[in-house]
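Per-entry structural report
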Amino acid sequence: QVQLVESGGGLVQPGGSLRLSCAASGTDFIRFYTMGWYRQAPGEQRELVANINTLGYTNYVHSVEGRFTISRDNAKKTMYLQMNSLKPEDTAVYYCNARYQQNYWGQGTQVTVTS
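Regarding its fold elements, the protein presents zero helices and eleven strands. What you see in the protein, going N to C, is helices and strands ordered as β-β-β-β-β-β-β-β-β-β-β. Its C-alpha atoms give the protein a radius of gyration of 13 Å, near enough to 13 Å, the size a compact globule of 115 residues would have. Each of the three principal axes of the protein carries a C-alpha extent, and together these read 40 × 25 × 25 Å. Taken across its 115 residues, the protein has 40% of its residues classed as buried. If you average the places of the 10 positive and of the 8 negative side-chain charges in the protein, the two averages end up 7 Å apart.

As structure tokens, this is what we get:
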């Protein structure tokens, strides 16, 4: 059973930066998992923010392209999301996801962008 734990969320002003981390445990084969970040704002559906596959190829939702960078360190079993130039509309709970035959989710971390 894969467990995912997010960290790094918080309160930041518009234009600021945050770095989210997702630490995986319960498997020695995280390198075979496609991993991604999703977010859910109040009253909205959960949406994909970015994902990264086993070869390191990345995909971003258009609204974060050029501002967010997803990366992974398989040796550390950790995925990251560097978020720059944050906007109020980025406010949401951010969830880590790992997918390989099954879907696994973290508990989420709150990101609030406000002046």
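Between two cysteines, a covalent bond joining their sulfur atoms is known as a disulfide. All chains considered together, the criterion is met by one disulfide. With its sulfur 1.9 Å from that of its partner, C22 forms a disulfide with C96. Taking the torsion about the S-S bond as the criterion, the C22 to C96 disulfide, at about -65 degrees, is left-handed. With C22 in strand β3 (residues 18-25) and C96 in strand β9 (residues 92-100), the pair connects residues that are 74 residues apart, well separated along the chain. For the pair C22 and C96, a shared accessibility class is recorded, and that class is buried.

As enumerated under the stated definition, the model contains five aromatic pairs in all. Measuring from centroid to centroid gives 6.1 Å for F29 and F32, while their planes differ by 15 degrees, and the two rings are stacked. Among the residues examined, F29 registers a relative accessible area of 45% and is labelled partly exposed. Taken together, a centroid distance of 6.5 Å and an interplanar angle of 35 degrees make the contact between F32 and Y100 tilted. Of this pair, F32 sits in the loop between β3 and β4 (34-40) while Y100 sits in strand β9, and the two are 68 residues apart along the sequence. Here F32 falls in the partly exposed class, since its relative accessible area comes to 42%. Assessed through its relative accessible area of 40%, Y100 is described here as partly exposed. Within the aromatic cluster, the residues linked to one another by ring pairs are F29, F32, Y33, Y100 and Y104. Above the face of the Y80 ring, R19 is positioned so that its terminal group lies 4.0 Å from the ring centre.

For the rest of this paragraph, the subject is the pattern of salt bridges. Within the structure shown, the criterion is met by four salt bridges. As a salt-bridge pair, E47 and R39 come within 2.7 Å of each other at their nearest N and O atoms. By relative accessible area, which is 31% here, E47 ends up partly exposed. In the salt-bridge network here, residues are joined through shared partners; they are R39, E47, R67 and D90.

About the cut-offs
- Residues numbered from 1 in each chain as written.
- Predicted model: local features only at pLDDT ≥ 70, side-chain atom pairs only at ≥ 80, totals over all residues.
- Heavy atoms only, no water.
- Helix = DSSP H or I, 4+ residues; strand = E, 2+ residues; numbered from the N terminus.
- Rg over C-alpha atoms; globule rule 2.2 N^0.38 Å.
- Buried < 20%, exposed > 50% of the residue type's maximum accessible area, 1.4 Å probe, protein only.
- Lys, Arg positive; Asp, Glu negative; His and termini not counted.
- Charge placed at Lys NZ, Arg CZ, Asp CG, Glu CD.
- Disulfide = S-S within 2.5 Å.
- Phe/Tyr/Trp six-rings, centres within 6.5 Å; stacked < 30°, edge-to-face > 60°.
- Lys NZ or Arg CZ within 6 Å of the ring centre and 35° of its normal.
- Salt bridge = Lys/Arg side-chain N within 4 Å of Asp/Glu carboxyl O.

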